Amino acid sequence: MISERTRKKIAREHSERLSAGDIDGLLELYADDATFEDPVGAGGQAGREALRAHFETLVAANARETIEDSVVAQDGEQVLAQITAVMDYRPCGPVYADRGWLPAPEGEEPSVLRRRFALLLRLGESGLIEEMRAYWGRPDVETSADGAAGSFRGCEALSPREEAVRQLPYTYARRLEAGDVEGTVALFTDDVVFEDPVGVMKLRGKDALRKHVAHGSAGKVNEILARPVSSMDERFVVIRGDARIFVPEKMRMRMITICELNEECRGVHIQGFWGLTDTTFGDDASGTDT
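Since the structure is predicted, the reported quantities are computational estimates derived from the model, not experimental observations.

Parameters and conventions
Residues numbered from 1 in each chain as written. Predicted model: local features only at pLDDT ≥ 70, side-chain atom pairs only at ≥ 80, totals over all residues. Heavy atoms only, no water. Buried < 20%, exposed > 50% of the residue type's maximum accessible area, 1.4 Å probe, protein only. Helix = DSSP H or I, 4+ residues; strand = E, 2+ residues; numbered from the N terminus. Pairing = 2+ DSSP bridges. Core = buried A, V, L, I, M, F, W, Y, C linked by side-chain atoms within 4.5 Å. Contact = heavy atoms within 4.5 Å.

## Here we look at the pairing of strand β14 (residues 267-273)
Inference 1: Counting buried residues along β14, five of its seven residues qualify, which places the element largely inside the surrounding structure.
Inference 2: Note that strand β8 (residues 188-195) and β14 share four bridges and pair parallel. Looking at the pairing, F194 lines up with I270 of β14.
Inference 3: Across six bridges, the pairing between strand β13 (residues 251-261) and β14 is antiparallel. Pairing of E260 across the sheet is with H269, part of β14.

## Digging into the nonpolar core
Inference 1: Counting residues in hydrophobic clusters, the biggest one holds 40 residues, and the most contacted among them are Y30, F55, L121 and M132.
Inference 2: Among the secondary structure elements, those contributing two or more residues to this core are α1 (4-19), α2 (23-27), β1 (30-37), α3 (48-60), β4 (78-88), α4 (92-98), β5 (112-123) and β6 (129-135).
Inference 3: Other than its neighbours up to four places away in sequence, M132 contacts Y30, T35, F36, E37, D38, L51, H54, F55, L119, L120 and L121.
Inference 4: In terms of nonpolar packing, the next biggest core, distinct from the first, is built from 25 residues, V213, V237, M251 and M253 among them.

## Observations regarding the side chain of E162
Inference 1: Tracing the chain through its elements places E162 in helix α5 (residues 160-177).
Inference 2: By relative accessible area, which is 2% here, E162 ends up buried.
Inference 3: Those residues in contact with E162 that sit more than four places away from it in its chain are P139, S230 and E234.

## Comments concerning the pairing of strand β12 (residues 236-245)
The two faces of a sheet get side chains in turn, since along a regular strand they alternate between them.
Inference 1: Taken across its 10 residues, β12 has 10 buried, putting it largely inside the fold.
Inference 2: Going residue by residue along β12, you find F236, V238, R240, D242 and R244 tucked away on one face and V237, I239, G241, A243 and I245 tucked away on the opposite face as well.
Inference 3: Where strand β10 (residues 222-225) and β12 come together, four bridges link them in antiparallel fashion. Note on β12: the bridge partner recorded for N222 is R244.
Inference 4: Looking at chain direction, strand β11 (residues 229-230) and β12 are connected through two bridges and run antiparallel.

Function cannot be read off these values alone, since they describe shape.
Rendered as structure tokens:
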């Protein structure tokens, strides 16, 4: 079991070493046979040489990452961070545009690229990263002529599928807060798997989920949600939230949730990541910051 604080430290070091261009130091965090997918939906790879090539491209673009938040699973293995990366447009931008992940520039080429994503790391007993998954989709990539605040632009319109995928967490939160148990459960498949938190609870099927939702509604759950990110295959949406429970006592959880959806945009697998270090009780749980 790797402590929650140690896992968060590793996630922070991962971003710091990448931002510093320290590829060798970055690879020291990984097991020799580590697997990775960046972005999720584009196909996985494995091994240190593939990792090196991947990181060399980001370092060549002068990528600089900022961790907005990090939370953990209660399984002793996983850490999930919400990150914003800013980098030069080249060399990644033309590749993204060629793959259809980013609109091709019209006229003068942008100079800066920004990518919002969620980074999931799973560590083995050795403390080394065995799996890395980066969740981001087309709406999470933007470009700017000069990098000035407010100047970044991405895709102008979402596909109907992308719109539905990214809307699901907000619909869930609204219905739960309104006490609409059946409406909340209707967002999921009959065989849904619901882990909240990951590592402690795994519910299977709508009947089990219905009881969980009813319990949350009785506890007057309120969730403040941030901006979501998705995946390149439009199967996942990942969203950071600040959840408050008021009954039987005040409780606050900083969480990041990964939702997998089927072809009808109904939830098939939900994973809520939050640990003891992401939770406060009593009067400390009544803050308003996100």
